[in-house]
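The primary structure of each chain is shown beneath.
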Amino acid sequence: MLKYDTIKSLDTEYVAPTYNRQPALFVQGSGAILWDNRGNEYLDFLAGIAVNSLGHCHPAIVTAITRQAQQLIHTSNVLLTAPQAQLAEKLCRLSGMDKVFFTPCGATANETGLKIAKKHGNSKRPDGDYEIITLHKSFHGRTIGAISATGQRRYQRPFEPLMPGIRHIEANNLDELREACSHKTAAILLEPIMGEGGVLALTTEFLVEAERLCREYDALLMLDEVQSGVGRTGAWFCFQHHGIRPDVMLLAKGLGGGQPIGACLMAGKAATVLEAGDHGTTFGGSPISAACALAVIDTLEHTDIMEQVKITGKLLSEGLKQLKGVSETTGMGLMIGAKLEKPIARDVVREAFDKKLIINATDEHTLRFVPPLIITPEQVQQCLSVVAEVLGVEAPKPVSIGTTSRVTRKPYGDLLSIDDLMDSQIDDVLDLASYLKQRRKLAPSAITPVEGRSVAMVFEKSSLRTRVSFETALYELGAHPIYLTKADIGIGSREAMKDVAQNLSRWCTMVVARLYWQKDLQVLADNSDVPVINALTEWEHPCQALADMLTIKEKFGDEKVKITYVGDANNVSRSLAKLATRMGYPVTICGPENFRLDPLPGLHQTASIEEGLTDAKVVYTDVWVSMGDEHEQEHRMKIFQPYQVNERVMAIADSNAIFLHCLPARRGLEVTDGVMDSVQSCVNDQAENRLHAQKALLQRVLGL
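Residues numbered from 1 in each chain as written. Predicted model: local features only at pLDDT ≥ 70, side-chain atom pairs only at ≥ 80, totals over all residues. Heavy atoms only, no water.

Draft legend 1. Highlighting the overall build of the chain. A tally of regular secondary structure across the chain gives 25 helices and 26 strands. Taking the principal axes of the C-alpha coordinates as reference, the chain spans close to 95 × 60 × 45 Å. Taking all 704 residues of the chain together, the buried fraction comes to 58%. Taking contacts inside the chain between residues at least 6 apart in sequence as the whole, the part at least 24 apart equals 71%. As presented, the chain carries roughly 28900 Å² of accessible surface, and 51% of it is formed by carbon and sulfur atoms. Side chains of the chain carry 73 positive and 85 negative charges; the gap between the two charge centres is 3 Å. (Helix = DSSP H or I, 4+ residues; strand = E, 2+ residues; numbered from the N terminus. Buried < 20%, exposed > 50% of the residue type's maximum accessible area, 1.4 Å probe, protein only. Contact = heavy atoms within 4.5 Å. Areas by Shrake-Rupley, 256 points an atom, 1.4 Å probe, with all protein chains shown as cover. Lys, Arg positive; Asp, Glu negative; His and termini not counted. Charge placed at Lys NZ, Arg CZ, Asp CG, Glu CD.)

What follows is the structure in structure tokens.
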């Protein structure tokens, strides 16, 4: 085991003494928790100073590092790599900016912005309009340019003389701002929330006026969002709360989720300032750091984390306000400062650390709280209790601010039928499936949100496509599928389904079941403590319907095309009809009169091929003898023969119609080779989309 004294002595002897470290040796982290070498557990409300946005060792970050390291680690920026370009596109799309220059950290991102400002100012007039306005108490980094812009003398004095041309004014002072601006102004550099300056938020009025003055004097509005950006305030970027747009925005910290990366984003005229040879960096935007940043953005974009930031941030802020000895709280989202009535902030930090809570002080009066964005309400309450104990005051009562559950989606439970999904959840799964399909084509695929979980796959009847698509989806999500046949479990011979369910739910995180009968699936779900997914029964096939709808939307966009299902109104047609009619698609079942579905709004049923196929843009059929219908095989072969989908039938449909079949097709029976292999056939796209639809569904049902 690593010993604290040994490592501390090495640190003291060989590492430059620029940090006052806390007295513990940290060896492991997960989420908002850190462990030292003695096994002590700490609640981390500092997150590497707003860096570990997804917490410690989030599966998305771990996977991004692992996969990218197996492919490509470093090339230098004279060679093109995919993650950097993909990240640049993401950042520009989310921010409305035009170009990105990647750096190794926040200070170098600020240096890039300062160089842009200097060159822009020098181009305004021959004698140079190079003044840059920044704020007292600001902090922009520790390189010589960034420290010159920083408005704190304690950081500057040992390194004078500083870079000339910097003017400092008071935050939120409109008169000083207007007086400072002139034709000499090249840029105004502001932190929307001043982290080291006491977590002080700039007002909308001040930021709007700064933007106006920049337009008046042809200066650049530069926002340092190194600490406030990438979801920290409950929006992608803090400036989005204020209705302005910067010319330059500087990012770092939470962007990489723990990996070092910075970014200087430029818009409009600022995007054209730097030319080839003007600037460069060896490590900026390396494949690994860019892959991690993509993982952070992917995770924030496809989960409710930023909505949760608003909730937990308000819980933390309101809870701190209740504490005696706290005069006010500042900041926004999960970037919060607590102003203490007495100058004891640094003492509070030390005592809180002794009680296994990690926080930070920006000065003698201000505590700073920048926990991981994935912090829970329970952890917020734990933090408040420790702070109260250190201050020697009563712990705050839990603050009621409305629901603290995930707010953009109702939690998913069992999926036994399409009926178990709300309309919003259907849209959510299809959107996520489409995204996952696109993301899978890029290297590396960043998110494995169910890392290490086990999922039981109970298959009463084998199926190549169902098994492979589910197992692939689970592996790519980071889970471990456990395939169990009827013989493995002894369904109906050794154990009752109730007993099977109760045991599997003790061992596994989820059950995916392919059973003959819906009633057995219902028993499995009723007696299971974990979610159960219907991979097919005689009554419904919801996963197939989701894949079908994903395929239809890929081909026709949002157009509500007519869907005609030809043949047996079975489990596949039932799920598809339920799903499609709820989404506003006209659906026709075309088959024998005694093989029909129960009535549904928007569903038409007919025995006429001509009536059913006219104007149809989706022609769908399935096997005539489905699971559980084998005893009717001879009868079914005769009665469905007129409903074979052949070239004549397809000619009745719209000329742009596509053909779908959930496979395995019995060529020559329900469909001819000519149709199956035609340009209209989308059966392989449909089969592929099983993977993506199921992957999205699994991710959502597991609450991610």
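Draft legend 2. Quick peek at the sheet that holds strand β5 (residues 131–135). Spatial ordering of the open sheet is given by β4-β12-β11-β10-β7-β5-β6, a layout of 7 strands whose pairing is mixed. In the strand order of this sheet, the two ends are held by β4 (99–103) and β6 (166–169), each with one partner. The average angle at which neighbouring strand axes cross in this sheet is 20 degrees, direction not considered. Here strand β11 (residues 248–251) runs beside strand β12 (residues 262–266); their pairing, made up of 4 bridges, is antiparallel. Its bridge partner being in β12, L251 is matched across the sheet by A263. (Pairing = 2+ DSSP bridges. Axes fitted to C-alpha atoms, helices over the stretch in contact; angles between N-to-C directions.)

Draft legend 3. Quick look at the nonpolar core. Among the nonpolar cores identified, the biggest contains 89 residues, and F45, L91, L190, L316 and F369 are the most heavily contacted of them. In terms of residues, this core owes the most to one element, helix α10 (residues 287–301), which gives 9 residues. Excluding residues within four positions of it along the chain, L91 makes contact with V100, F102, F237, L251, L255, A263, L265 and I297. Y435, A535, L579 and L691 belong to the second-largest nonpolar core, a separate cluster that totals 59 residues. (Core = buried A, V, L, I, M, F, W, Y, C linked by side-chain atoms within 4.5 Å.)

Draft legend 4. The arrangement of the packing of helix α11 (residues 305–321) against helix α13 (residues 377–391) in detail. For the pair α11 and α13, the least separation of the axes is 9 Å and the interaxial angle reads 20 degrees. In this view, α11 runs roughly parallel relative to α13, as classed from their interaxial angle. Regarding α11 and α13, the two cross each other, and that crossing is right-handed. Where α11 approaches α13, its residues T312, L315, L316, G319 and L320 are matched on the opposing element by P377, V380, C383 and L384. Grouping the constituent residues of the contact of α11 with α13 by class yields 7 nonpolar, 2 polar and no charged. (Parallel < 35°, antiparallel > 145°, perpendicular 65-115°, else oblique. Left-handed = near helix turned anticlockwise from the far one by under 90°. Nonpolar A, V, L, I, M, F, W, Y, C, P; charged D, E, K, R; others polar.)

Draft legend 5. Region of the structure containing the sheet that holds strand β14 (residues 335–340). One open sheet holds the 4 strands; their spatial order is β13-β14-β17-β16, and the pairing between them is antiparallel. The open sheet has two free edges, formed respectively by β13 (326–332) and β16 (360–361), since each of these has just one partner strand. With 4 bridges connecting them, β14 and strand β17 (residues 366–369) associate as antiparallel partners. The partner of A338 across the bridge, within β17, is L367.

Draft legend 6. Focus on the pattern of salt bridges. Taken as a whole, this structure holds 36 salt bridges when the rule is applied. K578 serves as the salt-bridge partner of D419, at 2.8 Å between the closest nitrogen and oxygen. One end of the pair, D419, is in the loop between α13 and α14 (423–440); the other, K578, is in helix α20 (residues 571–582), and 159 residues separate them in sequence. The buried category is assigned to K578, whose relative accessible area is 13%. Across the salt bridge formed by R667 and D673, the nearest N and O atoms sit 3.4 Å from each other. Judged by its relative accessible area of 42%, D673 falls in the partly exposed class. (Salt bridge = Lys/Arg side-chain N within 4 Å of Asp/Glu carboxyl O.)

Draft legend 7. Representation of unusual backbone geometry. Residues E160 and P161 are joined by a peptide bond in cis, for which omega reads 5 degrees. Tracing the sequence through the fold places P161 in the loop between α7 (153–156) and β6. In the Ramachandran plot, D218 falls in the positive-phi region, its phi being about 55 degrees despite a non-glycine side chain. Note that D218 resides in the loop between α9 (204–216) and β10 (220–224). With phi around 145 degrees, L536 is a residue other than glycine that occupies positive phi space. By secondary structure assignment, the location of L536 is in strand β21 (residues 532–536). Under the relative-accessibility criterion, L536 is labelled buried at 7%.

Draft legend 8. Representation of helix α3 (residues 59–71) within the structure. Compared with the 18 Å implied by 1.5 Å per residue over 13 residues, the 18 Å span of α3 between its first and last C-alpha is a close match. All of the buried residues in α3 are A60, I61, T63, A64 and Q68. Considered in projection along α3, the buried side chains sweep an arc of 165 degrees and stay on one side of the axis. (Expected span 1.5 Å × (residues − 1). Arc of directions from axis to C-beta.)

Draft legend 9. A look at the packing of aromatic side chains. For the structure on display, the rule yields 10 aromatic pairs. Look at F26 and Y42: their rings are 4.9 Å apart centre to centre, the planes differ by 70 degrees, and that puts the pair in the edge-to-face class. Of the two residues, F26 is situated in strand β1 (residues 26–30) and Y42 in strand β3 (residues 41–44); the sequence distance between them amounts to 16 residues. One residue, R467, lies across the ring of Y483, its end atom 3.7 Å from the ring centre. Stacked on the ring of W539, the Lys or Arg R574 has its end atom at 3.5 Å from the ring centre. (Phe/Tyr/Trp six-rings, centres within 6.5 Å; stacked < 30°, edge-to-face > 60°. Lys NZ or Arg CZ within 6 Å of the ring centre and 35° of its normal.)

Draft legend 10. Representation of the packing of α14 against helix α25 (residues 683–701) within the structure. Remark: α14 packs on α25, axes separated minimally by 8 Å, with the N-to-C direction vectors making an angle of 120 degrees. Our classification of the angle between α14 and α25 gives oblique. In terms of crossing hand, the pair formed by α14 and α25 is right-handed. Facing D428, V429, L432, A433, L436, K437 and R440 of α14, the residues of α25 in contact are E688, N689, L691, H692, A693, K695, A696, L697, Q699 and R700. Considering only residue class, the contact of α14 with α25 consists of 8 nonpolar, 3 polar and 6 charged.

Draft legend 11. Inspection of α14 at higher detail. The first and last C-alpha atoms of α14 sit 26 Å apart over 18 residues, in line with the 26 Å expected at 1.5 Å per residue. Every buried residue belonging to α14 is among Q425, I426, D428, V429, L430, L432, A433, Y435, L436, K437 and R439, and all of these are buried. Looking at the buried side of α14, the elements it contacts are α4 (82–95), α10, α19 (542–556), α20 and α25.

Draft legend 12. How the structure looks around the confidence of the model for the chain. Overall, the predicted model of the chain reaches an average pLDDT of 90, with 94% of residues at or above 70. A low-confidence stretch, residues 403–411 stays under pLDDT 50, and its non-local contacts, those more than four residues away or across chains, total 24 contacts. (pLDDT = per-residue confidence, 0-100.)

Draft legend 13. Quick peek at the environment of D598. Topologically, D598 is positioned in the loop between β23 (587–590) and β24 (603–606). Through-space distance from the C-alpha of D598 to that of A569 is 9.7 Å; in sequence the pair is 29 residues apart. Sequence-distant contacts of D598, defined by excluding residues within four places in its chain, comprise L603 and Q605.

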